[in-house]
Amino acid sequence: MTKSALQIARAAYQPKLPKALKGAVVAKEGEPTQSVADQEEIKKLFPNTYGMPLIQFVEGEAKEFAPMNVGVILSGGQAPGGHNVISGLFDGIKKLNPANKLYGFILGPGGLVDHKYMELTADIIDEYRNTGGFDIIGSGRTKLEKEDQFEKGYEILKELGIKALVIIGGDDSNTNACVLAEYYAAKKYGIQVIGCPKTIDGDLKNEMIETSFGFDTACKTYSEVIGNIERDCNSARKYWHFIKLMGRSASHIALECALQTQPNICIISEEVEAKNLSLDDIVTHIAQVVADRAAAGNNFGTVLIPEGLIEFIPAMKRLIAELNDFLAVNGEEFNSIKRSKQREYIISKLSPENAAIYASLPEGVARQLSLDRDPHGNVQVSLIETEKLLSEMVANKLAAWKEEGKFVGKFAAQHHFFGYEGRCAAPSNFDADYCYSLGYTASMLIANGKTGYMSSVRNTTAPAAEWIAGGVPITMMMNMERRHGEMKPVIQKALVKLDGAPFKAFAAMRDTWAKETAYVYPGPIQYFGPSEVCDQPTKTLQYEQAK
Ligand code: FBP
């Protein structure tokens, strides 16, 4: 297989481990834990895995461990560093006993249920060290939540003599990992389940999980390109760039990229919701910044837009809900109407508030809202090209302002969506080290007989040697939430906190960034060179942990 020069050099990188994990370790147990909310309900649902103590690994005496087999699953969207979690896990179990074996289930949780697996040998692992992607075993979005799936999984785990399963995933996958751990514990199957926090979205974090892996590399990759666009923009001085950034619901990625690149505008969905802003409020704000910059002779700029924005605009949420309900009942009639008359038809059927919003939307977006629905009959919000929607509405507003003499400049827009570009990038040193440590820690949790824990590595703004490795009971992160009409125990999703340090830092600077051209150009991720260039954690972590 042909490899790039960087691939070859990077293969030799030895990820840094916390000092405590370098030799033999012992598990130090803390106080019993409680879930973040709804303690009574969660305790009842997880009688075997609720209330367990926090674990911290400290240096200890070497011990002998009987041979064991371990399974691993990559679940959900790709995130840089997954291969290093697996190599850390592999090295960890081999250190415990060289006879230990690691099995990977193919294409996500579905591989466990369908009994598709492969043994991950040293040769295979070595091919994937420090590389991006999840292609070593593939990933998938099958949800592990039903008893028959747990039983099918048990069949193959038993057959392969697997003592512990590591599930690398986001909040939903780790919730399911905990349900599985509880199920196997209740059935006394003797199989441990350990989770690892993954997602570029950065929304699986809390007091004990400082960040999900992949967020660092993905944000650095997007910020590199945003910086390049900003420089192009400041060179040509003729375009406004509207850049949508992945991240599903939470705006962590947009916020982090804004802190790294200082664009003229960055919309934060959580703020839009908290201030009950309308689409028109957002459009007016952008148009005003465009007009003010034009008045100063700057007909260019950059706008960052989080992927989930639409669903955080309260009025849009109401419109989408009414459309979902209306089309669920009247879908056939709608489809029988001539395409050119469909927009009018919808407007005539909606409540006056929603009809007015629908009528104000550009044709393409209005169509998307009434056509593209998922199998549950909901609008596929992620398909809405918010970057185009906003720029088109801004253009319309500016045209009106021009007639009134309120806008004197020119407005030409370019559109971008960054998401998949960053999910499989070669992990930054931070993610390479963090992921390897998470995997290695998972092996220590297994060796110590733990189940229902998430691997945790903290103190991540300090050098890697000072990181603190341990485990957090997954039930500790749970609360009850309504899902598909039923109350379910789930890990609380972390949205951007408006009283958090990263948002506050952004809010304090954004007016200056809007007026001035204060762009910062982060450049590509550096893997070799001075530590201040190669090993910086995200700005989000730096602000959150600033003493
Ligand atoms: P995970 O939370 O599963 O890691 O996925 C993150 C994500 O990249 C989101 O940012 C994005 O909305 C979604 O996956 C896209 O999913 P898909 O890969 O199925 O298109």
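Described in the following lines is the structure provided in the data block. Numbering of residues starts from 1 in each chain and follows the order in which that chain's sequence is written. With the structure being a predicted model, the display of local features is reserved for residues of pLDDT at least 70 and the display and counting of side-chain atom pairs for 80 or more, all residues being used for whole-chain, interface and lining totals. Working from all heavy atoms in the structure, the side-chain values ignore hydrogens and water.

1. Considerations on the overall build of the chain
Each helix is a run of H or I in the DSSP string that is no shorter than four residues. Each strand is a run of E no shorter than two, and both are numbered from the N terminus. Within the chain one finds 22 helices and 15 strands. If one aligns the C-alpha atoms of the chain with their principal axes, the spans along those axes are about 80 × 55 × 50 Å. Put simply, the chain has 547 residues, and 56% of those count as buried. In the chain, of all internal contacts separated by at least 6 residues, the share reaching a separation of at least 24 is 77%. The buried label applies to any residue whose accessible area, calculated with a 1.4 Å probe on protein chains only, is under 20% of its type's maximum; exposed applies above 50%, and partly exposed to all values in between. Contacts are assigned to residue pairs that have any heavy atoms within 4.5 Å of one another.

2. Notes on helix H9 (residues 252-261)
Among the 10 residues in H9, 10 count as buried, and that is most of the element. Packed against the buried residues of H9 are helix H8 (215-236), strand S8 (240-245), strand S9 (265-266), strand S10 (301-306), helix H20 (501-515) and helix H22 (539-545).

3. Re the sheet that holds S10
Only when DSSP finds a minimum of two bridges between them are two strands counted as paired. Overall, parallel pairing links the four strands, which are arranged S9-S10-S8-S11 in an open sheet. Among the strands making up the open sheet, the edge pair consists of S9 and strand S11 (413-418). To obtain an axis, a line is fitted to C-alpha atoms, over the contacting stretch when the element is a helix, and the angle between two such axes runs from 0 to 180 degrees between their N-to-C directions. Contacting S8, S9 and S10, helix H11 (residues 279-295) crosses the sheet at an angle of about 145° to S8.

4. Details of the side chain of Asp203
With respect to the helices and strands, the residue Asp203 is situated in the loop between strand S7 (192-197) and H8. Whenever a nitrogen or oxygen atom comes within 3.5 Å of another N or O atom, the pair is scored as a polar contact, on the condition that within protein one atom can donate a hydrogen and the other can accept it, and that pairs from neighbouring residues in sequence are kept only if both atoms are in side chains. Among the polar contacts made by the side chain of Asp203, one reaches the side chain of Lys493 at a distance of 3.2 Å. Beyond its immediate stretch of four places on either side in the chain, Asp203 contacts Ser212, Ala250, His252, Lys493 and Ala494.

5. Focus on the packing of aromatic side chains
Stacked, tilted and edge-to-face are the three classes applied to pairs of Phe, Tyr and Trp rings, where Trp contributes its six-membered ring and a pair requires centres within 6.5 Å; stacked means planes under 30 degrees apart, edge-to-face means over 60, and tilted covers the rest. For the structure on display, the rule yields 17 aromatic pairs. Between Phe242 and Phe411, the ring centres sit 6.2 Å apart and the planes meet at 90°, which makes this aromatic pair edge-to-face. Taken together, the residues Phe242 in strand S8 and Phe411 in the loop between helix H17 (386-403) and S11 connect sequence positions 169 residues apart. Feature note: the residues Phe150, Tyr154, Tyr183, Tyr184 and Tyr189 constitute an aromatic cluster, connected by ring pairs. In this analysis the charged atom, NZ for Lys or CZ for Arg, is taken to sit over a ring once it is within 6 Å of the ring centre and within 35 degrees of the ring normal. For the cation-ring pair, Arg10 lies above Tyr13, with the distance from its terminal atom to the ring centre recorded as 4.3 Å. It is Arg293 that lies over the ring of Phe300; its NZ or CZ is 4.9 Å from the centre.

6. Some thoughts on the pattern of salt bridges
Within this document, salt bridges are pairs made up of a side-chain nitrogen of Lys or Arg and a carboxyl oxygen of Asp or Glu, the two lying within 4 Å of each other. A complete count under the given rule lists 22 salt bridges for this structure. Here Asp172 ties to Lys143 by a salt bridge, and the two come within 4.0 Å at their closest N and O atoms. Separated by 29 residues along the polypeptide, Asp172 in helix H7 (residues 171-186) and Lys143 in the loop between helix H5 (122-128) and helix H6 (147-159) bring together distant segments of the chain. What emerges from the salt-bridge pattern is a single network uniting Lys16, Asp433 and Asp535.

7. Remarks on the site of the ligand
Neighbouring residues of the ligand: 13 residues in total, closest Gly77, Arg141, Asp201, Tyr420 and Arg423. Measuring from an oxygen atom of the ligand, one finds a backbone N or O atom of Gly77 at 2.8 Å. Near residues are defined by distance, with any heavy atom within 4 Å of the molecule or strand qualifying the residue.

8. Structural notes on the sheet that holds strand S13 (residues 468-473)
The strand order S1-S2-S13-S12-S7-S6-S3-S4-S5 describes an open sheet built from nine strands, whose pairing is mixed. Either end of the sheet is taken by a strand with one partner, and the two such strands are strand S1 (25-32) and strand S5 (117-119). Across the sheet, the mean angle from the axis of one strand to that of its neighbour is 25°, orientation sign disregarded. Pairing of strand S6 (residues 162-169) with S7, which is carried by six bridges, proceeds in the parallel orientation. The residue of S7 that forms the bridge with Val166 is Ile194. The sheet contacts of helix H19 (residues 429-447) involve S1, strand S2 (53-59), strand S3 (69-74), S6, S7, strand S12 (453-458) and S13, and relative to S12 the element is tilted by about 135°.

9. Description of the nonpolar core
Judged by nonpolar contacts, the single largest core of 72 residues is most densely connected at Ile86, Leu102, Val166, Tyr222 and Leu245. It is H19 that contributes the most residues to this core, 11 residues altogether. In plain words, nonpolar cores are sets of buried Ala, Val, Leu, Ile, Met, Phe, Trp, Tyr and Cys residues tied together by side-chain atoms within 4.5 Å. Judged by nonpolar contacts, the second largest core, of 48 residues, contains Trp240, Ile346, Ala366 and Leu389.

10. Some words on unusual backbone geometry
Note: most residues except glycine have negative phi, and most peptide bonds are trans. One non-glycine residue with positive phi stands out, namely Asn130, at about 60°. Mapping Asn130 onto the fold places it in the loop between H5 and H6. Using a relative accessible area of 2% as the deciding quantity, one classes Asn130 as buried.

11. Topic: helix H13 (residues 314-336)
Any helix carries an expected span of 1.5 Å times its number of residues minus one. For H13, which comprises 23 residues, the first-to-last C-alpha distance of 31 Å matches the rise-based estimate of 33 Å (1.5 Å per residue) to within 8%. The angle between axes fitted to the seven-residue stretch ending at a residue and the seven-residue stretch beginning at it gives the bend at that residue. Of all bends in H13, the biggest is about 80°, found at Asn330. Looking only at H13, the buried set comprises Pro314, Ala315, Met316, Leu319, Ile320, Leu323, Asn324, Phe326, Leu327, Gly331 and Phe334. Among the structural elements, helix H10 (269-274), H11, helix H12 (309-312), helix H14 (339-349), helix H15 (352-360) and helix H16 (363-371) are those in contact with the buried residues of H13.

12. Remarks on the environment of Ile347
Examined against the element boundaries, Ile347 turns out to sit in helix H14. Judged by relative accessible area, Ile347 falls into the partly exposed class, the value being 28%. A C-alpha to C-alpha distance of 6.9 Å links Ile347 and Tyr358, two positions 11 residues apart in sequence. Each residue touching Ile347, except ones within four places of it in the same chain, is listed here: Ala355, Tyr358 and Ala359.

13. Considerations on the packing of H14 against H15
Closest axis-to-axis distance for the H14/H15 pair is 8 Å, and the angle between their directions is 155°. Between H14 and H15, the interaxial angle falls into the category roughly antiparallel. Of the residues in H15, those touching H14 at Arg343, Ile346 and Ile347 are Ala355, Tyr358 and Ala359. Under the scheme applied, nonpolar residues are Ala, Val, Leu, Ile, Met, Phe, Trp, Tyr, Cys and Pro; charged residues are Asp, Glu, Lys and Arg; polar residues are all the others, including Gly. Of the residues contributing to the contact of H14 with H15, the split by class is five nonpolar, no polar and one charged. In these notes the angle categories are as follows: under 35 degrees is roughly parallel, over 145 is roughly antiparallel, 65 to 115 is roughly perpendicular, and the rest is oblique.

14. Structural notes on the state of the cysteines
When the sulfur atoms of two cysteines come within 2.5 Å, that pair is taken as a disulfide. In total, this model carries zero disulfides according to the counting rule given. Considering cysteine sulfurs only, Cys196 is the nearest to Cys178, which forms no disulfide, with 14 Å between them. Residue classification places Cys178 among the buried residues on the basis of a relative accessible area of 0%. There is no disulfide at Cys196, and the cysteine sulfur nearest it, in Cys435, is 8.6 Å away.

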